[in-house]
Every structure is written in structure tokens, then in C-alpha cells.
Amino acid sequence: MSAIETHGLTKRYGHRPSRIHPPGHASEGLVRALEDLTIDVREGEIFGFLGPNGAGKSTMIRLLLGFLHPTAGHASVLGLDSVHASVAIRARVGYLPGGIAFWDGLTGERLLDELAAMSGRPPIRRAALLDRLELSPSTLRRTVRDYSRGMRQKLGVVQALQHDPELAILDEPTEGLDPLMQHAFYAILEELRQAGRTIFFSSHILSEVERVCDRVAIVRQGRLVALEDIPTLLARRKRNVEIRLGGAPPELVGVQGVSDVWIGDGRLTCRLEGDMAPFLAAIARVTIHDLTIEPARLEEAFLEFYVPDVLDAPDPGTTDGADPVAGIRA
Amino acid sequence: MNRALFAHTWRANRARVLIVAVALAIWGTFLPIIYDSFGSTFKDIFASGALPPQFAQFGGGDVFSLSGSIAIGFIHPIAVGLNLVFAVGFTTAAIAGERQRGTLEVLLSRPISRRVVYATLAVSGALFVGIAVLGSIVGSVIGASLTGRVSELGVSQLPLLWLNGALLYWAIGAIALLASASFDRLSQALGLTLAIVVVSYFLDVLGSLWPDAKGLQPYSLFHYLDPKTILAGIPHAGDVAVLLGVTVVAVVATLIVFPRRDLAAPS
């Protein structure tokens, strides 16, 4: 069974088309947050939902949790309808909102207790999570208003996962965490995966998605532009190659998968796509001082979907003026 | 109604409830003392014609009787302001304020329906208002005891007086919660509710001071707060019916509006 399934999920904000402006005209004030999104998140996988700020990531999450009502289409979470069974869904889901806010007057411990009580499930993972994220008892005895941004984020992670949910929906989960805590968080995700839990998380930090996710969906202006597993996505990316030559350069013209060859200053650079064997065979008889083949990066895959937009005119039919690549971190 | 949310709300507000109830009790104590000390003097002043007789009927009260002085205590801006701490302050912040801060998102990510969230907050608000109004009545009884005038007080009417006072602020609170559930920002909900309360209060006071404006009083919620007639043993069932009706309409409207509206990310 799928943990999350959407079919043609669409969310638009703003006024209905007026009689003055023809349908689809930008001046009708319609904001297209999500358009015809169809995805399927499998049970037990870590699924990355990628897009820059304003691409529709948070809208998607809010639709799944029943905070928003879809304009069209349908979403189900753990086999339950997101509109009619949102309470039952939230009983089985852990949610970390982006830029989470808390009742600042409570201590960290009291906050976690109260949220656990409202969840109606015992916080069986809390101790392990606190240990992993280095939130000590003395820290938890302080009021939340004294917490730093990173400590609040840690508390957010704990409240989302402390009751061991079947599905965790995490919006920008490592925002504000230092590199050490990011690693601790990745370890937590791995533990959850091994326990058979499903993780759906939105991010604009490409390196973490590449590191922890099994599959990734990329959204652009509310539309799905890619849905693949990470290795497949990377296999189609071109790797950058640099060779420091010790003699005559190899003949690479016409070699399968090789492009953009440049030779000069005793160096050869090119781009390499797909199977590496023909390339390695072509350079086998050349004297080489050094060879660097950069691994394919999700960043490049991502930018491939986005960079043309920078040059495109604004999409008619939407007033969503979000910069298509704003806020992306590699 | 969600017990965990109710416990959270009570813990967050109990100190404020205690302070407001004590303040209203102190205020309630003063009015019988003022009546006891200056009632006959005021009566002489008004009898001499030095002041227009309408001034003696501010908000349906007076200072020539214990019930009249208690009525003034209920309608006086100080008492109204203290009661509005919960009827407007708590209720508008309960949804719109939480939403603006981003904490409503954390709350609604729990398996609690919006109707249950609303019901819990409404019951909490009603309880806080009820305690505050009770503070006024307890203060009035203390004041009457201190001046030895308990015999003038219709003690058997006090539960009805509490109900009348609580119903007024429940009606205002229900309107405030409707605004709170309808807007994304606290300032919008608070502004609209305060505008309704201020206009309503103004109409009632104006009607009590200016005979030509008396016809405006039925449009004010405060018109249906009538401690003097209740303490005199002649309560108007219509007052309770109107306040109850406003409360029910606002509650039903909120139960329709809140679950259906979109809650976009807090900005």
C-alpha cells in the first residue's frame, strides 16, 4: 500500500475568474499553488519533495494534513482520504512544520508532555530522540523562549517523532541545525527507515536529499517536473572530468557519452554521461598525471529543471511571482 | 472537547483568571460601599435639579439603591474592560492569535478536529468569563455585608444575575471567537470585535442618558444586561433569550466557518 497517494491534486488561491477578465488571465488574481500533482510515496521509503521557496511544497503538505482543501484532485494518506479523514490521518502521522513555533512560556519538557497528551499516543521514542539530538534534561527544564533557533528545531523534530508515527511529514527539517546535528538527524531517519516507517520531507537543501532519500519529486511552479529514484536521476546527469596529461591527449571525439572536450595547458576537460567503459578504454593508453571525475550531483539535475525558467517570461495564468531558483542550497 | 487542550488552556490562563476575578471582586465591593456612604447625598443632589435626572440612570443603574449601585458596577467601563479580558482578549487570541504565531499549526497537527478545538476553546472561554462574573457578584455580596445591607440584596436572585452577566460576555465571546476563526491575523479579529463592542456599549449608554436615543438601546447587547430588575425580582426572560440567541448563532456560524476554511501557512 502507498503511504501517500495523490491524483491530479490542485490548489489555487484567490478570486474566481471574473467576467471582466478572460479565464487564465493573470489579472484575475488567481494564484496557482499546486497543479495536477500525481505522486505515490511507498511505505517504508524516504521520499524527498524538492523545490525552491514558493514552488508548492508546503501547500502539498498542508493539503495532506487537511489544513487546506483541494481545488481539484484527491489525496490519500495511509489509505485515508485527506479531506474526510484528516483527524484519523493525523493520529498516525508526525508533522514538523517549517519555521515551527511553540508556546514560549512552557518548558521544553512540559511542551513535549502536552503535545504528546494531545497526540493521544505515548512518547515511546522521546528518550532516544533527546539523546540523539543532545537535548539534556537541564535544557528541557528551561522555557522555550530561551531556546536558540537550533534548539527549537530539535524540539520540533522530537515532538514530530516522539510517538513513533507510521509516517513522518517533515517540512525543511534541518533548517537551523548545525552540521553535527544534521548528521544526528540523518541517523534518526535511517533508524526510522529500518523500523519500516515512511518519511516524506520537503527540502531545498539538495545535498541532504541526495544523501538520505530513496526517491525524489521535484516541483516547479506547483507542477511536478520529475519523480524518480536518486540513482536513476543521477545516472542521467553528466559528470565533469579533468585529466592532467603527461603526454599527448587521447582521441575522445566520437567516444560514447563524452562531450564538451577542451584541451590546453596540459589539461583535458570534458563531460561524461552514462556508461564510463568507452571513456576509460579511450584514455587507457595515455600518460596521465592526475584524473578527476566529479560524481554526478543532484544539484545539477535540479538546476536542469529550473535554470530555463530564469530566462522564461512569467507563466500566464498565475500571479505567483516566486523566484524559481531562490532559496536553493546545494 | 479535548481534555489535554483544555488542561493546556487552563494552565496558560489560570493566573490571569485569578487576577481578573479578584479585581472584579474588589470593584464589586466598592459599589455598595459608595452607595452606603454617598447614596443619600447623591439623592439630594439630583432632587435639587443640579444634575439632569438621566445622569442618575447611567446604564440602567443608580446610586440610590443597592441593586442600582450593583447595576452600575456591572455596566461601568472598568467592569466591562475587565470582563473583556476573556470575552474578547482570550477569544480573539485563541485562534487568530495562535494562527498568527504559528502555534495553531502545531495544535492542528494533533488528531483533534477543528470543531473539537473550537469547542474546547469556547468552553474554556465560557469558564473564564463565568469565573470573572462570579468575582463581581462575590464582591457585591462582600460590599453589602461590610455595610450591613445584605438584607436589601435579593440573594435568591444572584444565580440569575450571574447568568445574565455571563450570558452577555458569552455572547460577546462567541462573536469574538467567530472573528478569531475567520481571520488570519489577531489585529483583524480584535479590531472587528472591539468595534462591535464599543458601538454596542455606546448605543446603550447613549440611550440611557438621552431619551431621544432610547430607541437605539435594543440594538446593543448591553441593553440585555439588567441587574437592577433581576435583583428586584422581576427578571426579563427576553434578555436571556436575546443573549442566548446571539451566542447560539455565533457558535453555529463558527462551527460552519472554521472547519471549512483554508489554513494557509502563517505569514
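**A word on the overall build of chain A**
Here comes step 1: Across its full length, chain A holds 11 helices and 14 strands.
Here comes step 2: Excluding contacts between residues fewer than 6 apart, the proportion of contacts in chain A whose partners are at least 24 apart in sequence is 73%.

**What about the overall build of chain B?**
Here comes step 1: Across its full length, chain B carries nine helices and zero strands.
Here comes step 2: Its helices and strands taken in sequence order, chain B reads α-α-α-α-α-α-α-α-α from the N to the C terminus.
Here comes step 3: What you see for chain B is a C-alpha radius of gyration of 20 Å, in line with the 18 Å of a compact globule of 267 residues.
Here comes step 4: If one aligns the C-alpha atoms of chain B with their principal axes, the spans along those axes are about 65 × 40 × 30 Å.
Here comes step 5: Relative to its full complement of 267 residues, chain B shows a buried share of 46%.
Here comes step 6: In chain B, the proportion of contacts linking residues at least 24 apart, taken out of those at least 6 apart, comes to 80%.

**Topic: the interface of chain A and chain B**
Here comes step 1: Facing 22 residues of chain A, the contacting portion of chain B comprises 19 residues.
Here comes step 2: Of all the secondary-structure elements, those providing two or more residues to the side of chain A that touches chain B are helix 1 (57-64), helix 2 (86-92) and helix 3 (108-119) of chain A.
Here comes step 3: The dominant element in the side of chain A that touches chain B, judged by the number of residues it contributes, is helix 3 of chain A, at five residues.
Here comes step 4: Class assignment for the residues of the side of chain A that touches chain B results in 14 nonpolar, five polar and three charged.

**What about the domain arrangement of chain A?**
Here comes step 1: Taken domain by domain, chain A holds domain 1 (2-234) and domain 2 (238-293).
Here comes step 2: Here domain 1 of chain A and domain 2 of chain A have C-alpha centroids that lie 43 Å from each other.

**Comments concerning the nonpolar core**
Here comes step 1: A:Ile169, B:Leu168 and B:Ile172 are the most contacted members of the largest nonpolar core, which has 141 residues in total.
Here comes step 2: It is helix 6 (residues 158-182) of chain B that contributes the most residues to this core, 15 residues altogether.
Here comes step 3: When near neighbours in sequence (up to four residues on either side) are disregarded, A:Ile169 contacts A:Ile61, A:Leu64, A:Leu65, A:Val93, A:Tyr95 and A:Phe200.
Here comes step 4: A:Val241, A:Leu252, A:Cys270 and A:Phe279 belong to the second-largest nonpolar core, a separate cluster that totals nine residues.

**Observations concerning the packing of helix 5 (residues 114-146) of chain B against helix 6 of chain B**
Residues and elements named next belong to chain B.
Here comes step 1: Contact geometry for helix 5 and helix 6: axes closest at 9 Å, N-to-C directions at 145°. The hand of the helix 5/helix 6 crossing is right-handed. Across the interface between the two elements, Tyr118, Leu121, Ala122, Gly125, Ala126, Val129, Gly130, Val133, Leu134, Ser136 and Ile137 from helix 5 touch Leu158, Leu161, Trp162, Gly165, Ala166, Tyr169, Trp170, Gly173, Leu177 and Ala181 from helix 6.
Here comes step 2: Residue composition of the contact of helix 5 with helix 6, grouped by class: 16 nonpolar, five polar and no charged.

**Some thoughts on the sheet that holds strand 9 (residues 215-220) of chain A**
Residue and element names in this part refer to chain A.
Here comes step 1: The mixed open sheet is built from six strands, whose spatial order is 6-7-8-3-9-10. With one partner strand each, in any of the chains shown, strand 6 (93-96) and strand 10 (223-229) form the two edges of the open sheet. For this sheet, the mean angle separating the axes of adjacent strands, direction not counted, is 15°.
Here comes step 2: Both strand 6 and strand 7 (residues 167-171) contribute to a ladder of four bridges, which runs parallel.

**A look at the environment of B:Phe38**
Here comes step 1: Checked against the element boundaries, B:Phe38 lands in helix 1 (residues 3-47).
Here comes step 2: Measuring from C-alpha to C-alpha, the distance between B:Phe38 and B:Phe64 comes to 8.7 Å, with 26 residues separating the pair along the chain.

**Some points on helix 3 of chain A**
All names here are of chain A.
Here comes step 1: Look at helix 3: 16 Å from first C-alpha to last across 12 residues, which is about the 16 Å you get at 1.5 Å a residue.
Here comes step 2: Where helix 3 is concerned, the buried positions are Gly108, Leu111, Leu112, Glu114, Leu115, Ala116, Met118 and Ser119.
Here comes step 3: Taken from the residues just after helix 3, glycine 120 is the one with a positive phi, measuring 75°.

**Side note on the packing of helix 3 (residues 77-101) of chain B against helix 5 of chain B**
Packed helix pairs are specified by the crossing angle of their axes together with the interaxial distance, meaning the distance between the axes.
Residues and elements named next belong to chain B.
Here comes step 1: Orientation of helix 3 relative to helix 5, taken along the N-to-C sense of each, is 170°, at an axis distance of 10 Å. The pairing of helix 3 with helix 5 is recorded here as roughly antiparallel in orientation. Mapping the contact onto sequence places Ala79, Leu82, Asn83, Phe86, Ala87, Phe90, Thr91, Ala94 and Ile95 in helix 3 and Leu121, Gly125, Phe128, Val129, Ala132, Val133 and Ser136 in helix 5.
Here comes step 2: Here the contact of helix 3 with helix 5 is built from residues that sort into 12 nonpolar, four polar and no charged.

**So, the environment of A:Ala72**
Residues and elements named next belong to chain A.
Here comes step 1: Along the polypeptide, alanine 72 turns up in strand 4 (residues 72-77).
Here comes step 2: The class of alanine 72 is partly exposed, set by 13 C-beta atoms lying within 10 Å.
Here comes step 3: Alanine 72 sits 63 residues away from leucine 9 along the chain, and the two C-alpha atoms are 5.9 Å apart.
Here comes step 4: Once you skip the residues sitting within four places of it in the chain, alanine 72 turns out to touch Gly8 and Thr10.

**Examining unusual backbone geometry**
Residues and elements named next belong to chain A.
Here comes step 1: The backbone of glutamate 172 sits at a positive phi, close to 50°, despite the residue not being glycine.
Here comes step 2: Assessed through the 21 C-beta atoms surrounding it within 10 Å, glutamate 172 is described here as buried.
Here comes step 3: Unusually for a residue other than glycine, glutamine 221 sits at a positive phi of about 50°.
Here comes step 4: Note that glutamine 221 resides in the loop between strand 9 and strand 10.
Here comes step 5: With 23 C-beta atoms packed within 10 Å, glutamine 221 lands in the buried category.

**Some remarks on the confidence of the model for chain B**
Here comes step 1: Chain-level statistics for chain B give a pLDDT mean of 89 and a share of 97% at 70 or above.
Here comes step 2: As scored by the predictor, the complex reaches a pTM of 0.84 and an ipTM of 0.82.

Reading guide: rules and limits
- Residues numbered from 1 in each chain as written.
- Chains lettered and ligands numbered in written order.
- Predicted model: local features only at pLDDT ≥ 70, side-chain atom pairs only at ≥ 80, totals over all residues.
- Helix = DSSP H or I, 4+ residues; strand = E, 2+ residues; numbered from the N terminus.
- Contact = placed C-beta atoms within 7 Å.
- Rg over C-alpha atoms; globule rule 2.2 N^0.38 Å.
- Buried ≥ 20, exposed ≤ 12 C-beta atoms within 10 Å, placed from the backbone.
- Nonpolar A, V, L, I, M, F, W, Y, C, P; charged D, E, K, R; others polar.
- Domains from an automatic or database assignment.
- Core = buried A, V, L, I, M, F, W, Y, C linked by C-beta atoms within 7 Å.
- Axes fitted to C-alpha atoms, helices over the stretch in contact; angles between N-to-C directions.
- Left-handed = near helix turned anticlockwise from the far one by under 90°.
- Pairing = 2+ DSSP bridges.
- Expected span 1.5 Å × (residues − 1).
- Parallel < 35°, antiparallel > 145°, perpendicular 65-115°, else oblique.
- pLDDT = per-residue confidence, 0-100.

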